[in-house]
Amino acid sequence: MSARPVAKVTRRGLMGFGAGLGAAAVGSVVVPSAAVAEPGGGPTRRAVSMAMHVHSSFSEGGSWAAGGGGASMMAQLDQAARNDVDVVWWTDHDWRMQAYGYYQEIAFEGTPEGGNLSWTKQEEGPVTATRHSFVTEPHSPQEPGRALRVEATGPETEWGTCYLWAKAGNSFYSTNLSDTTLSVDVLAEQLGPDAELVVQLETSNRPATAGRPAGLYRLEYRVGVTAGESLPTPLTGVVTTEATGRWQTLTMRPVEDVRRFWPDLVAGDTGLARIRFGVRVRNGATGRVVVDRLRFDRGEAIVRTPVQTQRELMAELAERYPGVTQALGSEVSMVRHLNVFMTDFELYPYPPTDKAPSLDGSLAAAERVIGWYHERGALVQYNHPETTAEEFVATRALGADLVEIAGEDDEVVADRLALFDAAARNAVFLTATSQLDDHAGRSWAGLRHGFITSAWAPSTEIPDLLEAMAAGRLWSHHLSRAPGARMDLVARGRSVMGKVLLTRAARLPVEVVAEGLPVGCTLDLVVGSCDRSGAAAPAVERRTVPVPAERGRPTRFQLERGVGSYLRVEARDASGSLVAMGNPVWLLPSDADVSVPAARRSAA
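Computed from a prediction, not measured in an experiment: that's the story for all the values here.

What exactly am I supposed to notice about the overall build of the protein chain here?
Within the protein chain, the regular secondary structure consists of 10 helices and 36 strands. For 604 residues, the compact-globule formula gives about 25 Å, and the C-alpha radius of gyration of the protein chain, at 28 Å, lands near that figure. Taking all 604 residues of the protein chain together, the buried fraction comes to 60%. The long-range fraction of contacts in the protein chain, counting pairs at least 24 apart against all pairs at least 6 apart in sequence, stands at 75%. Each charge sign in the protein chain was given a centre, from 60 positive and 71 negative side chains, and these centres are 6 Å apart.

Shown next as structure tokens:
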């Protein structure tokens, strides 16, 4: 989808817009206190920052362009602590958490093996004469078919390695390694003191700790002249098995080995991103090895009880990061991607499968999953929506409660805002959130799409956060460009952001709260019609105003009701890029035939 232009408002346009939406009287921005007390003895609320879309060792890993691997839970909690983020919602892909439809074996046939498996040669160091082939002989005596042979000649002094990366389609082996054993049959055809067979498991990225640098932790299982264990680099643990000269089975228990090499880590917080098979050589030596029959033996901790496993890891890590609240959710990913937020998270029960699954992008599948979670009291978020405005309105955003808006580039944000405004026009009451969607755990603040979402909530307790989400008391802001941004809409001394006000009054005076914004920002006051016409196009106009100095008179806006209207606020930098946005307040006639969620409903 391309970006949709949005008209800039003029006074003439405001006076004639829709069913009489009125012009704003613009002063300056009201500055909220650190905590907001609701009138009438209501709870005191404070700004609670949340990373609502975060992946860890239970997901597939990071971008290979950014160095591969994937974030550990520890890496993400370290990023939250460094960036003063109060809450991390774990939203790992639900099917990856339980290895649903994952490879249980790789036969080294040189074919996709039922899951888009491909083999990529990768060289590290100045190796020469590298070659590989899938051979009918020799092969493992435990399995018919072909096997992989790899050969390379080394440089004069340093070690070099020729790997074959088993690149699984859609990362069909990448998930947490708790209670997991791997085994592979190997044959050292030509080895010696300067040539070794190697199987490398690339695990998770972790922050600097115990005197070690931040980075990816690797386990290498080698076959050589002498058995032993070593740490050749701070982040690489090596287990060497003595070559027998015949077929032998390497058994790999990665979590046990992480615990032994790095006892200070939470070993269970280890994912598998990449498996590589090869030969390492030096001093001009030539090595030739054959590998076959890889098996994954995943125990109960992943296959049947991944939710319990992740909760146990959360408890261990809470001792290290006591200032960060952890909440367990998931990104439901066998349908259109949906984040699920609930007090006691449950995995959706997919039907059994013994092969690599594919996404069901149908409306029926998404609506079925959302209905299942709603029956259990969950809130569901429509992630990075890629759809038409017609479908978005007709399906009422699939029946979701929240939708990701801020994130990605300006064009994508413009598309999502158009979807949001089309839905808001038709009384589809959604809470806008942001798309952090980080898999790497390296630098949240360095991400262009590094938006987080904050809530006005009494505490960081999960029920309080869920109530704020349902009520729409959320705003999104960029972690590096507007880390301290706070936004709200106040009417008659009460926060009304996210509210649907049913009233006989013709207008509502609103004060705009916007603070902590960078110098040079402007505010867009976005006024929309809520005519409930079924039209799939937004009906909005804007008034762009400067952000005044702190402690000035509040920006006051007279929101005209007409047949129905809403107001929301965006903050944009000098280039026009979004840096923060709040959720709307809707103003509707008291007799409007609309279904309003209880958390949003209010009389005015």
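From this point on, the discussion continues.
When you look at helix H10 (residues 462–471) in this model, what are you seeing that I'm missing?
An α-helix turns once every 3.6 residues. As a result, residues three or four positions apart point the same way. The set of residues buried in H10 consists of Ile462, Leu465, Leu466, Ala468, Met469 and Ala471. Two residues or fewer past H10, Gly472 is found with a positive phi of approximately 80 degrees.

Just to check I follow, could you spell out the pattern of salt bridges for this structure?
Opposite charge on two side chains makes pairing possible when the charged atoms of those side chains draw close. Throughout the structure, instances matching the rule amount to 35 salt bridges. For the salt bridge of Glu196 with Arg280, the shortest nitrogen-to-oxygen distance reads 2.7 Å. Placement of Glu196 in strand S11 (residues 195–206) and of Arg280 in strand S16 (residues 274–281) is noted, with a sequence separation of 84 residues between them. Each member of the pair, Glu196 as well as Arg280, carries the same accessibility label: buried. As a salt-bridge pair, Glu229 and Arg260 come within 3.0 Å of each other at their nearest N and O atoms. Note that Glu229 is positioned in strand S13 (residues 228–233) and Arg260 in helix H4 (residues 254–261), a separation of 31 residues in sequence.

Looking at this structure, how should I read the environment of Ala491?
Secondary-structure assignment places Ala491 in strand S26 (residues 486–491). Under the relative-accessibility criterion, Ala491 is labelled buried at 5%. For Ala491, the residues in contact, after removing those within four places along its chain, are Val496, Leu508 and Pro509.

Help me out: how do you make sense of the packing of aromatic side chains in this one?
Each aromatic ring pair is characterised by the separation of its centres together with the angle its planes make. Applying the stated criterion to the full structure yields 20 aromatic pairs. By the ring-pair criterion, three or more aromatic residues cluster together here, those being Tyr100, Phe345, Tyr348, Tyr350, Trp372 and Tyr373. Between Arg274 and the ring centre of Trp165, over which it is positioned, the NZ or CZ distance is 5.4 Å. Taking the ring centre of Tyr163 as reference, the NZ or CZ of Arg276 above it sits at 3.9 Å.

What should I look at first to understand the sheet that holds strand S20 (residues 338–341) in this one?
Either a parallel or an antiparallel arrangement is found when strands of a sheet pair, and the pairing is made through backbone hydrogen bonds. The strand order S19-S20-S21-S22-S23 describes an open sheet built from five strands, whose pairing is mixed. The two strands at the open ends of the sheet, each matched to only one other strand, are strand S19 (330–332) and strand S23 (431–434). The mean inter-strand angle of the sheet, taken between neighbouring strand axes irrespective of direction, is 35 degrees. The sheet contact formed by strand S21 (residues 379–382) and strand S22 (residues 402–406) spans two bridges and is parallel. Bridge pairing in S22 places Tyr382 opposite Val403. Each of S19, S20 and S21 is contacted by helix H7 (residues 363–374), which is oriented at about 5 degrees to S20, the strand it contacts most.

Sorry if this is basic, but what is going on with the sheet that holds S13 here?
Pairing is mixed across the open sheet formed by seven strands, whose spatial order is S6-S9-S16-S11-S12-S14-S13. Among the strands making up the open sheet, the edge pair consists of strand S6 (118–124) and S13. Averaged over all adjacent pairs, the angle separating strand axes in this sheet is 25 degrees, with direction ignored. As defined by bridge partners, S13 adjoins strand S14 (residues 236–242) across four bridges and the pair is classed as antiparallel.

Help me understand a negative patch on the surface in this model?
Where like charges cluster on the molecular surface, the negative patch consists of Glu386, Glu408, Asp409 and Glu411. Note on placement: Glu386 falls in the loop between S21 and helix H8 (389–394). For Glu386, a relative accessible area of 71% puts it in the exposed group.

What am I meant to see in the side chain of Glu331 here?
Position of Glu331 relative to the elements: it lies in strand S19. There is no salt bridge for the buried Glu331, and the closest opposite charge comes from Arg96, which lies 8.3 Å off by N-O distance. At 3.0 Å, the side chain of Glu331 and the side chain of Asn383 are in polar contact. Excluding residues that lie within four positions of it along the chain, Glu331 makes contacts with His53, His55, Thr91, Asp92, His93, Asp94, His337, Leu338, Asn339, Asn383 and His384.

Sorry, what's going on with the nonpolar core here?
Within soluble globular proteins, side chains that are nonpolar tend to cluster in buried spots. Membership of the largest hydrophobic core comes to 118 residues, with the highest contact counts inside it found for Tyr173, Ile275, Phe277 and Tyr373. The next biggest cluster of nonpolar side chains, apart from the first, holds 30 residues, and it includes Trp475, Val545, Leu567 and Ala571.

Quick question: what am I supposed to make of unusual backbone geometry here?
Glycine aside, a negative phi is what most residues show, and trans is what most peptide bonds show. Cis geometry marks the peptide bond from Glu137 to Pro138, where omega comes out at -5 degrees. If you trace the backbone, Pro138 turns up in the loop between strand S7 (128–135) and strand S8 (147–153). Located in the positive-phi region is Asp84, a residue other than glycine, with phi close to 55 degrees. Assignment of secondary structure puts Asp84 in the loop between helix H2 (73–82) and strand S4 (87–90). On the basis of relative accessibility, which here comes to 63%, the residue Asp84 falls in the exposed class. You will see that Glu408, though not glycine, has its phi angle at about 60 degrees, which is positive. Relative to the elements of secondary structure, Glu408 occurs in the loop between S22 and helix H9 (410–425). On the basis of relative accessible area, Glu408 is assigned to the partly exposed category, the value being 35%.

When you look at the environment of Pro554 in this model, what are you seeing that I'm missing?
Tracing the backbone through its elements, the reader meets Pro554 in the loop between strand S31 (540–546) and strand S32 (555–560). Linking Pro554 and Ala514, residues 40 residues apart in sequence, is a C-alpha distance of 9.5 Å.

Whenever I open this one, H2 confuses me. Can you help?
Of all 10 residues in H2, eight are buried; the element is thus mostly enclosed. Of the residues making up H2, those classed as buried are Met73, Met74, Ala75, Gln76, Leu77, Asp78, Gln79 and Ala80. Contacts from the buried residues of H2 go to strand S3 (44–54), S4, S11, helix H6 (306–318) and strand S18 (325–328). Of the residues trailing H2, Asp84 is marked for its positive phi of about 55 degrees.

The rules behind each value
Residues numbered from 1 in each chain as written. Predicted model: local features only at pLDDT ≥ 70, side-chain atom pairs only at ≥ 80, totals over all residues. Heavy atoms only, no water. Helix = DSSP H or I, 4+ residues; strand = E, 2+ residues; numbered from the N terminus. Rg over C-alpha atoms; globule rule 2.2 N^0.38 Å. Buried < 20%, exposed > 50% of the residue type's maximum accessible area, 1.4 Å probe, protein only. Contact = heavy atoms within 4.5 Å. Lys, Arg positive; Asp, Glu negative; His and termini not counted. Charge placed at Lys NZ, Arg CZ, Asp CG, Glu CD. Salt bridge = Lys/Arg side-chain N within 4 Å of Asp/Glu carboxyl O. Phe/Tyr/Trp six-rings, centres within 6.5 Å; stacked < 30°, edge-to-face > 60°. Lys NZ or Arg CZ within 6 Å of the ring centre and 35° of its normal. Pairing = 2+ DSSP bridges. Axes fitted to C-alpha atoms, helices over the stretch in contact; angles between N-to-C directions. Patch = residues over 30% accessible without salt bridge, like charges linked within 9 Å, V, L, I, M, F, W, Y side chains within 5 Å. Areas by Shrake-Rupley, 256 points an atom, 1.4 Å probe, with all protein chains shown as cover. Polar contact = N/O pair within 3.5 Å; in protein donor to acceptor, adjacent residues only side chain to side chain. Core = buried A, V, L, I, M, F, W, Y, C linked by side-chain atoms within 4.5 Å.

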